[in-house]
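# Residue-level structural notes
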Amino acid sequence: MSFIDVIKERAKNERKKIVLPETGDPRTIEAADTVLKEGIADVILVGNKEDILSRAEGFDLSQATFVDPDNCERLNTYIESLCEARKSKGLLPEDAKEILLSNPLFFGATMVRSGDADGMVAGAVNSSANVLRSALQVVKTAPGTKIVSAFFLMVVPDCDLGANGTFVFADCGLNQNPNSEQLAAIAGSSAQTFKQLVGEEPRVAMLSHSTVGSAKHDDVTKVVEATAIAKKDYPDTLICGELQLDAAIVPEVAASKAPRSEVAGKANVLVFPDLDAGNIGYKLVQRLAKAEAYGPVTQGIAKPVNDLSRGCKAEDIVGVVAITAVQAQLTENN
Ligand SMILES: CC(C)(COP(=O)(O)OP(=O)(O)OC[C@H]1O[C@@H](n2cnc3c(N)ncnc32)[C@H](O)[C@@H]1OP(=O)(O)O)[C@@H](O)C(=O)NCCC(=O)NCCS
Ligand SMILES: CC(=O)OP(=O)(O)O
């Protein structure tokens, strides 16, 4: 069974309610139809039911729940919940109402915060910054989280590297220029994510343009320091750095560049030094190696709110919904 089929089966075991706020987008409507048909999750669609159904010809949304912000009996509860989330910013109820009625991302995120939905998926239309802002401002970080970050689950076809072609890549979506402490925390979260979603032992490579001292630069020093912090903070996790990408995943290259490393040549979690590298790197693998790319999935939010690339297909949305549902199960059972 493929990685995503396993995730879908896990999602089906304990159905979660996932809110999709971008109901003007045809890919979202197609994905909702598939999620319901396959029984992956219950779906909440934000918007006017008649409007949505008028754009859903050929799809079966009879099992979806429709929630129209303009006609919502829970609006006062959501206003209270949003004011509570933004109380340090002094958000007033009339401003909260205006946000909820005009911004479906904040409406959906507030449903998650209030417990009326178990998770949210958006980003087929909205920019990542806007989706992530709704998650960070409304749902907020999970207790004990040092930094929220965003990973991709990459499934590379015909590939025996990583976990038979499956990798976690991070951070590909959120932190633009993490410092060494933040990079170490991203490594720790990504290792935990890999274990929870892929079910195998994570082997984390801290990526760089240098392998164990082959180049000198402040950018290399950042990764060296991050590796030292990560090893100290996560002593039970296999972490190695700094490594170039080939030394991280190709055994023959690892044998010459980093022969003493337990991770080199076998890495399945790739931590990129900054968002330029991470975002460009995942898109290269997705577009040139034709890999499935699910994400950006957040790690460290109190309840799952996940992003998409605006270039996504309906099947990518289905995959991220399934991952979100599994994250919701894990959050509830923790
Ligand atoms: C996500 C992003 C919008 C957050 O920016 P920001 O300016 O910090 O946003 P906000 O000020 O609204 O932050 C919201 C809250 O989250 C907190 N926060 C921001 N980043 C955080 C992180 N990585 N971890 C935990 N908390 C974070 C902020 O401190 C703030 O807290 P507060 O509301 O209690 O004050 C910004 O990091 C970004 O644009 N990232 C790149 C997104 C992108 O374009 N990706 C490429 C395509 S995928
Ligand atoms: C993840 C990502 O790069 O998102 P977008 O393509 O929407 O900017």
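Residues numbered from 1 in each chain as written. Chains lettered and ligands numbered in written order. Predicted model: local features only at pLDDT ≥ 70, side-chain atom pairs only at ≥ 80, totals over all residues. Heavy atoms only, no water.

Applied cut-off: UniProt positions are given in the numbering used here, feature names are shortened, and annotations may be inferred rather than shown by experiment.
The protein chain has the name Phosphate acetyltransferase in an unreviewed UniProt entry, where Anaerostipes rhamnosivorans is given as its organism. Word for word, the UniProt comment on the protein chain under Catalytic activity (unreviewed entry) is "acetyl-CoA + phosphate = acetyl phosphate + CoA". Listed under Sequence similarities (unreviewed entry) in UniProt, the entry text for the protein chain is "Belongs to the phosphate acetyltransferase and butyryltransferase family."

## Let's talk about the site of ligand 2
Test applied: One heavy atom suffices: a residue is near a molecule or strand as soon as one of its heavy atoms comes within 4 Å of it. Whenever two N or O atoms come within 3.5 Å, that pair is a polar contact, provided that in protein one can donate a hydrogen and the other can accept it, and provided that, for residues adjacent in sequence, both atoms are side-chain atoms. Only DSSP runs of H or I reaching four residues or more are called helices, and only runs of E reaching two or more are called strands; each is numbered from the N terminus. Each residue gets one label: Ala, Val, Leu, Ile, Met, Phe, Trp, Tyr, Cys and Pro are nonpolar, Asp, Glu, Lys and Arg are charged, and the others, such as Gly, are polar.
In the vicinity of ligand 2, the contacting residues are S128, F152, N279, Y282, K283, P296, S309 and R310. For ligand 2, an oxygen atom lies 3.0 Å from a polar atom in the side chain of N279. Interatomic distance of 2.7 Å between a side-chain N/O atom of S309 and an oxygen atom of ligand 2. With 3 residues, the single largest contributor to the shell around ligand 2 is helix α12 (residues 275-288). Tallied by class, residues from the shell around ligand 2 come to 3 nonpolar, 3 polar and 2 charged.

## Structural notes on the site of ligand 1
Note the following rule: Residue exposure ignores everything except the shown protein chains as possible cover, and the areas themselves are Shrake-Rupley values with a 1.4 Å probe.
Around ligand 1 there are 19 residues in total, and R86, Q137, V148, G173 and N175 lie nearest to it. With respect to ligand 1, the side chain of Q137 contributes an N or O atom lying 2.7 Å from an oxygen atom. The contact in question runs from a nitrogen atom of ligand 1 to an N or O atom on the backbone of G173, over 2.9 Å. Calculation on ligand 1 without its partners gives an accessible area of 960 Å², and the protein chains cover 64% of this total. Breaking the shell around ligand 1 down by element, the ones donating at least two residues are α7 (128-139) and α12.

## A look at the environment of A264
Put simply, the test is: We call two residues in contact whenever any of their non-hydrogen atoms come within 4.5 Å of each other.
Its location among the elements puts A264 in the loop between α11 (251-257) and β9 (269-271). Separated by 17 residues in the primary sequence, A264 and A247 place their C-alpha atoms 5.7 Å from one another. The contacts of A264, once residues within four sequence positions are left out, are L243, A247, A248, A254 and A258.

## Re the side chain of T298
How we decide: Exposure is judged per residue with a 1.4 Å probe applied to protein chains only, and the accessible area is read against the type maximum: over 50% gives exposed, under 20% gives buried, and values in between give partly exposed.
Checked against the element boundaries, T298 lands in strand β10 (residues 292-299). Its relative accessible area of 3% is what places T298 among the buried residues. A distance of 2.8 Å separates a polar side-chain atom of T298 from the backbone oxygen of V305. Beyond its immediate sequence surroundings of up to four residues, T298 is in contact with L132, V148, S149, A150, F151, V305, N306 and Q327.

## Comments concerning helix α2 (residues 26-38)
Which entries qualify depends on this criterion: How far a helix is expected to stretch is found by multiplying one less than its residue total by 1.5 Å.
Between its first and last C-alpha, α2 extends 18 Å over 13 residues, near the 18 Å set by a 1.5 Å rise per residue. For α2, every residue scored as buried is listed here: T28, I29, A31, A32, D33, V35 and L36. Where α2 is buried, its residues touch β1 (17-20), β2 (42-46), α3 (49-54) and α13 (314-333). Where α2 ends, the next residue or the one after it, G39, has phi of about 70°, a positive value.

## Some words on a nonpolar patch on the surface
What counts, and what does not: Note on patches: the residues involved have over 30% relative accessible area and no salt bridge, like charges join within 9 Å, and the nonpolar side chains Val, Leu, Ile, Met, Phe, Trp and Tyr join within 5 Å. Any carboxyl oxygen of Asp or Glu that lies within 4 Å of a side-chain nitrogen of Lys or Arg is treated as forming a salt bridge with it.
Taken together, the side chains of I280, L284 and L288 define a hydrophobic patch exposed on the protein surface, amounting to about 330 Å² of accessible area. The class of L288 is exposed, set by a relative accessible area of 68%.

## With respect to unusual backbone geometry
Cis geometry marks the peptide bond from G241 to E242; its omega dihedral reads -5°. Its place among the elements puts E242 in strand β8 (residues 238-243). Following G295, the chain continues into P296 via a peptide bond in cis, with omega recorded as -5°. On the secondary structure map, P296 appears in strand β10.

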